[in-house]
Amino acid sequence: MNSFTLQNSINKKYQYLLSLLIIIILSTIIFIFYNYIAYEVSFILLFSALYIYIFLDIFPAIVATILAGMAWDLLFFKPHFLFDLHKIENVITILVLFIIGLINGIIITKIKKIKKRQFVERSLGQTVKFYDTLLNSLSHELRTPISVIVGATDNLLQQDIKISDSDKNNLLQEISIASLRLNRQVENLLNTSRLQSGFLQLKKDWCDINELIHHIIFQLTDQLKDHVVNVSIKKDSLVVKIDHGLIEQVLFNLINNAAQHTAVHSVISIVADYIDEKLVLIIEDNGKGFPAEEINQVFNKFYRSQNSTTVGLGLGLSIVKGFVEVQDGSIELHRSIPTGTIFIIKIPAESISPKTTEDE
Amino acid sequence: MNNTEILVIDDEIQIRKLLEITLQSSGYGVVKANTAKEGLAAAAVSTSDLIILDLGLPDENGQIVLKKLREWYVKPVIILSVKNNEDDIVSALDNGANDYLIKPFRTAELLARIRSVLRNSTVSQDVPAIKYEDFEINFSTRSIIMNNAPVKFTTTQYELLTLFVKNEGKVLTHQYILGEIWGADYITQSQYLRVFVAQLRKKIEKNPNKPTYIITESGVGYRFVAKEIE
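Here is a short report on the structure shown in this document. (Residues numbered from 1 in each chain as written. Chains lettered and ligands numbered in written order. Predicted model: local features only at pLDDT ≥ 70, side-chain atom pairs only at ≥ 80, totals over all residues. Heavy atoms only, no water.)

1. Things to note about the side chain of Asn138(B)
Residue and element names in this part refer to chain B.
- Checked against the element boundaries, Asn 138 lands in strand 7 (residues 136-138).
- Overall, Asn 138 belongs to the buried group, its relative accessible area being 16%.
- At 2.6 Å, the side chain of Asn 138 and the side chain of Ser 140 are in polar contact.
- Once residues lying within four places of it in the same chain are set aside, the contact partners of Asn 138 are Pro 128, Ala 129, Ser 143 and Tyr 158. (Helix = DSSP H or I, 4+ residues; strand = E, 2+ residues; numbered from the N terminus. Buried < 20%, exposed > 50% of the residue type's maximum accessible area, 1.4 Å probe, protein only. Polar contact = N/O pair within 3.5 Å; in protein donor to acceptor, adjacent residues only side chain to side chain. Contact = heavy atoms within 4.5 Å.)

Here's what the structure looks like:
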């Protein structure tokens, strides 16, 4: 894999240049010390250059081998600086050199090909696995609300059965809930593919963190109605330059998660601060917390806790991590004492200076 | 209300159907068009008082349709689109849309927006004072009265609130507000705006964290929503 990528990174043109340089440098060094070493040793030394061939393609490798043979003949055989191919042993030496170079080149090329294929197969395998998991959870997560909508509308459209007004109302409620759930899942999928595509463009703008947090809590009014929510903003006016759409999604997913996975009357606390030119967001709950053995997996795509009973695609936390990291931020997960979960997010961001907040 | 006619330009038959049912049951007349070409033609011949325009039409970009409409059509246009990209929304507002709504939308919300833009296009704001539930703004004395006593507002705070009040129900983009209050050099300095909006909310909102007067339109701007009282 390493040689494969390294070889890719060296341009063909430079490969020839590199082989020429190596032979010249090595020959010069050996030539300087020639009087102190036997000529067999110089042969071996010159051949050590062949190690570098791992990084070369087959043709530059062969060129390098021929160059090495010529250099050896020119420099270390009397008469010096003259090609002398009359002696049969010189011809054999160069021939041997050439064959060794050729074999070397062929073997290395084959190894590189195998490694390349393995690399492609591995990434293909991961992609296939990703889409398998995606399709499995998709068919469940999307079909459930669709079934509700289809079933409920069928009931409502039935002419021959009389449905009471309260039942009618219940069915309509179910359709409404299922549609919103579908919309949310589509949102998650779109966000995941935005991250997956690598084309996510940051749109940074000034954002009042206090307003943002309360806006999200307002959006989650229904989900949070049985929870205690504490918000603490550590600065008087926390206005920072960030991609508010991404941060909103991050906080929404984390607070929504906390609401879904903790018992009624659990406490969710949200703290925002600005430390060392970073926006710091801490979301803590006193629920059961993640099982210790699952801590490393929570940010993986399609992660669903073993003892979770709620629905979901398992994309929420992977989106959280992706959206934080795409802004050069970091996210940590800790277990709270005695129980619960703490998420700590740090994102580098420009902040408004307190002076500009004063009016005339 | 019964004479009000709305032109719906949308290529999705289901959306047209839904809008037709929703609008007709609220007493509006409905004219439908499913392409940009048909829409522009219908706008020219019909007597529609409002246009609901989709941005993703098959034959032409909705932003261009909007620009073409605005060359002569002066009545309200509401954008209804699946595009939730803030840049698209801001350019639609810049191109002359009165309001926008993202699909999927709540029909109650759509009806409220329609009422609001129709009201704004008919009622003149040329009044000496406006009274709301929690405060009263007097344009002639440049003062704000809360609980029967004048409250101190800085010049910027007063101008910002006046701008909101005079555009009741309408989305004002950050750039527009900054240009109006601070001047053209400040249209990128939206951090000032966040701070002043927070200050205004602290003064006029019952709960500044759950604002009911100054509503944030995420990434786009603000909308002032309030019922005037006599």
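2. Regarding the packing of aromatic side chains
- The full count for this structure, using the stated rule, is 11 aromatic pairs over all chains.
- Between Phe290(A) and Phe343(A), the ring centres sit 6.3 Å apart and the planes meet at 85 degrees, which makes this aromatic pair edge-to-face. In this pair, Phe290(A) is assigned in the loop between strand 5 (278-285) and helix 9 (316-325) and Phe343(A) in strand 7 (residues 341-348), connecting sequence segments 53 residues apart. The exposure classification of Phe290(A) matches that of Phe343(A), with both residues buried.
- Ring plane angle 55 degrees and centroid distance 5.4 Å describe the contact between Trp182(B) and Phe196(B), whose orientation is recorded as tilted. Placement of Trp182(B) in the loop between helix 7 (174-181) and helix 8 (190-204) and of Phe196(B) in helix 8 is noted, with a sequence separation of 14 residues between them. Both residues of the pair, Trp182(B) and Phe196(B), count as buried.
- Sitting above the plane of the Phe139(B) ring, Lys166(B) keeps its charged end 4.6 Å from the centroid. (Phe/Tyr/Trp six-rings, centres within 6.5 Å; stacked < 30°, edge-to-face > 60°. Lys NZ or Arg CZ within 6 Å of the ring centre and 35° of its normal.)

3. Things to note about the pairing of strand 11 (residues 214-217) of chain B
All names here are of chain B.
- Summarising the sheet, strand 11 and strand 12 (residues 221-224) pair through 4 bridges and their orientation is antiparallel. Across the sheet, Ile 214 pairs through a bridge with Phe 224, a residue of strand 12.
- Joining the antiparallel neighbours strand 11 and strand 12 is a turn of 3 residues, in which Gly 219 adopts a positive phi near 75 degrees. (Pairing = 2+ DSSP bridges.)

4. Looking at unusual backbone geometry
- With omega at 0 degrees, the peptide bond leading from Ile337(A) into Pro338(A) counts as cis.
- With respect to the element layout, Pro338(A) can be found in the loop between strand 6 (330-335) and strand 7.
- For the bond from Lys103(B) to Pro104(B), the omega torsion is -5 degrees, close enough to zero to count as cis.
- Positionally, Pro104(B) belongs in the loop between strand 5 (99-102) and helix 5 (107-122).
- Unlike most non-glycine residues, Asn147(B) shows phi in positive territory, near 50 degrees.
- Its location among the elements puts Asn147(B) in the loop between strand 8 (143-146) and strand 9 (149-151).
- Residue classification places Asn147(B) among the exposed positions, given a relative accessible area of 75%.

5. Side note on a nonpolar patch on the surface
- A cluster of nonpolar residues, Tyr14(A), Leu17(A), Leu21(A), Ile25(A), Ile29(A), Ile32(A), Phe33(A) and Tyr36(A), forms a patch on the protein surface that exposes about 890 Å² of accessible area.
- Topologically, Tyr14(A) is positioned in helix 2 (residues 12-32). (Patch = residues over 30% accessible without salt bridge, like charges linked within 9 Å, V, L, I, M, F, W, Y side chains within 5 Å. Areas by Shrake-Rupley, 256 points an atom, 1.4 Å probe, with all protein chains shown as cover. Salt bridge = Lys/Arg side-chain N within 4 Å of Asp/Glu carboxyl O.)

6. A few points about the interface of chain B and chain A
- Counting from both sides, the interface comprises 25 residues of chain B and, opposite them, 21 residues of chain A.
- Each partner contributes to the roughly 1,800 Å² buried at the junction of chain B and chain A, and carbon and sulfur atoms together form 45% of this total.
- At the junction of chain B and chain A, the tally comes to 3 salt bridges.
- Between Arg201(B) and Glu211(A) there is a salt bridge, and its shortest N-O distance comes to 3.1 Å.
- Linking chain B to chain A there are 12 residue pairs in polar contact (both at pLDDT 80 or more).
- Looking at the side of chain B that touches chain A, the elements that each hand over two or more residues are helix 4 (86-94), helix 6 (155-166) and helix 8 of chain B.
- By residue number, the principal contributor to the side of chain B that touches chain A is helix 8 of chain B, which donates 9 residues.
- Residues that form the side of chain B that touches chain A fall into these classes: 6 nonpolar, 14 polar and 5 charged. (Buried area = accessible area lost by both parts, 1.4 Å probe. Nonpolar A, V, L, I, M, F, W, Y, C, P; charged D, E, K, R; others polar.)

7. Things to note about the sheet that holds strand 9 of chain B
Residue and element names in this part refer to chain B.
- A sheet is described by the order of its strands in space; here 4 strands give the open sequence 6-7-8-9, paired in antiparallel fashion. Two strands in the sheet have a free side with no partner beyond their single neighbour: strand 6 (129-131) and strand 9. This sheet shows a mean twist of 25 degrees between the axes of neighbouring strands, independent of strand direction.
- Sheet topology places strand 8 next to strand 9; 3 bridges connect them, and they run antiparallel. Counted as the bridge partner of Ile 144 is Val 151 from strand 9.
- Each of strand 6, strand 7 and strand 8 is contacted by helix 6, which is oriented at about 105 degrees to strand 7, the strand it contacts most. (Axes fitted to C-alpha atoms, helices over the stretch in contact; angles between N-to-C directions.)

8. Side note on the packing of helix 6 (residues 165-197) of chain A against helix 9 of chain A
Residue and element names in this part refer to chain A.
- Interaxial distance between helix 6 and helix 9 falls to 10 Å at its minimum, and their mutual angle equals 40 degrees. By the angle class used here, helix 6 and helix 9 are oblique. The way helix 6 lies across helix 9 gives a crossing that is left-handed. Two secondary-structure elements touch here, helix 6 through Asn 188, Asn 191, Thr 192, Arg 194 and Leu 195 and helix 9 through Ser 318, Ile 319, Gly 322 and Phe 323.
- Its residues assigned to classes, the contact of helix 6 with helix 9 comprises 3 nonpolar, 5 polar and 1 charged. (Parallel < 35°, antiparallel > 145°, perpendicular 65-115°, else oblique. Left-handed = near helix turned anticlockwise from the far one by under 90°.)

As far as function goes, none of this settles anything; it's purely spatial.
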